[in-house]
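Report on the structure
Here is how the chains run, residue by residue.
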Amino acid sequence: MPIFEYRCEDCGEMLEALVRGADAEPVLCQVCGGKLARLVSVPADLKRLGGFFHKEKFSDAEIASKGLTKYVNRGDGTYEKAAGSGPSIIDRDKLPG
Ligand SMILES: [Zn+2]
């Protein structure tokens, strides 16, 4: 099941949610009731490895300069590094414990 991150458009509160289906998505901020915007879709395992992905806000160079690593989903269960340091390919099925 995917874990999505959301940010409140009003107060900036961040939350993560395990989403079982489109209709299970949280839509309102638990703090202020504002509208939540879905930020990214990052597998929990990838996050644990320090992977970071954001489509819009940061360039690859910025991501690398912040010490983060960006991975791009290749759509076959593997992630290819696009910026930063770390393994160049991550296979979801072969992640360490
Ligand atoms: Zn809020």
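As a starting point, this report considers the structure included with it. Please read all numbers here as calculations on a predicted model, not as lab measurements.

As a further point, take the overall build of the protein. Tallying secondary structure elements over the protein gives two helices and seven strands in all. For the protein, the N- to C-terminal ordering of α and β elements is β-β-β-α-β-α-β-β-β. Within the protein, the fraction of its 97 residues that count as buried is 13%.

On to the pairing of strand β6 (residues 78–83), then. With four bridges joining them, strand β5 (residues 69–73) and β6 adopt antiparallel strand pairing. Looking across to β6, one finds that Lys 70 is bridged to Ala 83. Adjacent in sequence and paired antiparallel, β5 and β6 are bridged by four residues, among which Gly 75 carries a positive phi angle near 85 degrees. Pairing between β6 and strand β7 (residues 89–91): three bridges, direction antiparallel.

This part is about the environment of Lys 81. Looking at where Lys 81 falls in the secondary structure, it is placed in strand β6. Among the residues examined, Lys 81 registers 16 C-beta atoms within 10 Å and is labelled partly exposed. When the C-alpha positions of Lys 81 and Thr 69 are compared, they lie 7.2 Å apart, and in sequence the two are 12 residues distant. If sequence neighbours within four positions are ignored, Lys 81 has contacts with Thr 69, Tyr 71, Gly 86, Pro 87 and Ser 88.

A few words now on the pairing of strand β1 (residues 3–8). Strand direction decides the pairing type here: β1 and strand β2 (residues 14–18), joined by five bridges, are antiparallel. Bridging across to β2, Ile 3 finds its partner in Leu 18. The hairpin formed by β1 and β2 contains five residues between the paired strands, and Gly 12 there has a positive phi angle of roughly 85 degrees.

Below, the discussion takes up the environment of Leu 15. Turning to its location among the elements, Leu 15 is positioned in strand β2. Leu 15 gets classed as partly exposed once you count the C-beta atoms within 10 Å, which come to 15. Measuring from C-alpha to C-alpha, the distance between Leu 15 and Arg 38 comes to 9.6 Å, with 23 residues separating the pair along the chain. When sequence neighbours within four positions are dropped, the list of residues in contact with Leu 15 reads Tyr 6 and Gln 30.

The rules we used
Residues numbered from 1 in each chain as written. Predicted model: local features only at pLDDT ≥ 70, side-chain atom pairs only at ≥ 80, totals over all residues. Helix = DSSP H or I, 4+ residues; strand = E, 2+ residues; numbered from the N terminus. Buried ≥ 20, exposed ≤ 12 C-beta atoms within 10 Å, placed from the backbone. Pairing = 2+ DSSP bridges. Contact = placed C-beta atoms within 7 Å.

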